[in-house]
Amino acid sequence: MPEPSKMDMEAKQYFNSLPPALQEQLMQSAADLNTKEDLMRYCTNLLGEHAPDRQP
C-alpha cells in the first residue's frame, strides 16, 4: 500500500492531483508506490490511455 509519508515530493503532488476515487483505490492496493513514476505506471496499467499523466 502506498504511504504518502514515504512518497517523494513529486509523488505526493501527483497523488494529490488524482481523483479521490483513484486515490482510494491506490491506498487499498498492495503495491509499493512511493515515486511519481510508480504511481503513473500503476495508473496506466489500471486505466490505460485514460490515466492522468501530469498534474493539472
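Residues numbered from 1 in each chain as written. Predicted model: local features only at pLDDT ≥ 70, side-chain atom pairs only at ≥ 80, totals over all residues. Heavy atoms only, no water.

Draft legend 1. Geometry of the environment of Arg 41. Considering the arrangement of structural elements, one finds Arg 41 in helix H3 (residues 36–47). With ten residues separating them in the primary sequence, Arg 41 and Ala 51 have C-alpha atoms 9.0 Å apart. Among the polar contacts made by the side chain of Arg 41, one reaches the side chain of Asp 38 at a distance of 3.0 Å. (Helix = DSSP H or I, 4+ residues; strand = E, 2+ residues; numbered from the N terminus. Polar contact = N/O pair within 3.5 Å; in protein donor to acceptor, adjacent residues only side chain to side chain.)

Draft legend 2. Just the packing of helix H1 (residues 9–17) against H3, in detail. Closest axis-to-axis distance for the H1/H3 pair is 7 Å, and the angle between their directions is 35 degrees. Every residue of H3 that contacts H1 at Glu 10, Ala 11, Tyr 14 and Phe 15 is listed here: Lys 36, Glu 37, Leu 39, Met 40 and Cys 43. By residue class, the composition of the contact of H1 with H3 is six nonpolar, no polar and three charged. (Axes fitted to C-alpha atoms, helices over the stretch in contact; angles between N-to-C directions. Contact = heavy atoms within 4.5 Å. Nonpolar A, V, L, I, M, F, W, Y, C, P; charged D, E, K, R; others polar.)

Draft legend 3. Structural view of H1. The set of residues buried in H1 consists of Ala 11, Tyr 14 and Phe 15. Considered in projection along H1, the buried side chains sweep an arc of 100 degrees and stay on one side of the axis. H1 presents Met 9 and Asn 16 as exposed residues on the side facing more than 90 degrees away from its buried surface. Here the buried face of H1 lies against helix H2 (20–28) and H3. (Buried < 20%, exposed > 50% of the residue type's maximum accessible area, 1.4 Å probe, protein only. Arc of directions from axis to C-beta.)

Draft legend 4. Quick look at the environment of Met 9. Tracing the backbone through its elements, the reader meets Met 9 in helix H1. Assessed through its relative accessible area of 57%, Met 9 is described here as exposed.

Draft legend 5. Structural view of the nonpolar core. With eleven residues, the main nonpolar core is built from Met 7, Ala 11, Tyr 14, Phe 15, Leu 18, Leu 22, Leu 26, Leu 33, Leu 39, Cys 43 and Ala 51. Only H1, H2 and H3 provide two or more residues apiece to this core. Looking at which element gives the most residues to this core, the answer is H1, with three residues. Setting aside chain neighbours within four positions, we find Ala 11 in contact with Asn 34, Thr 35, Lys 36 and Leu 39. (Core = buried A, V, L, I, M, F, W, Y, C linked by side-chain atoms within 4.5 Å.)

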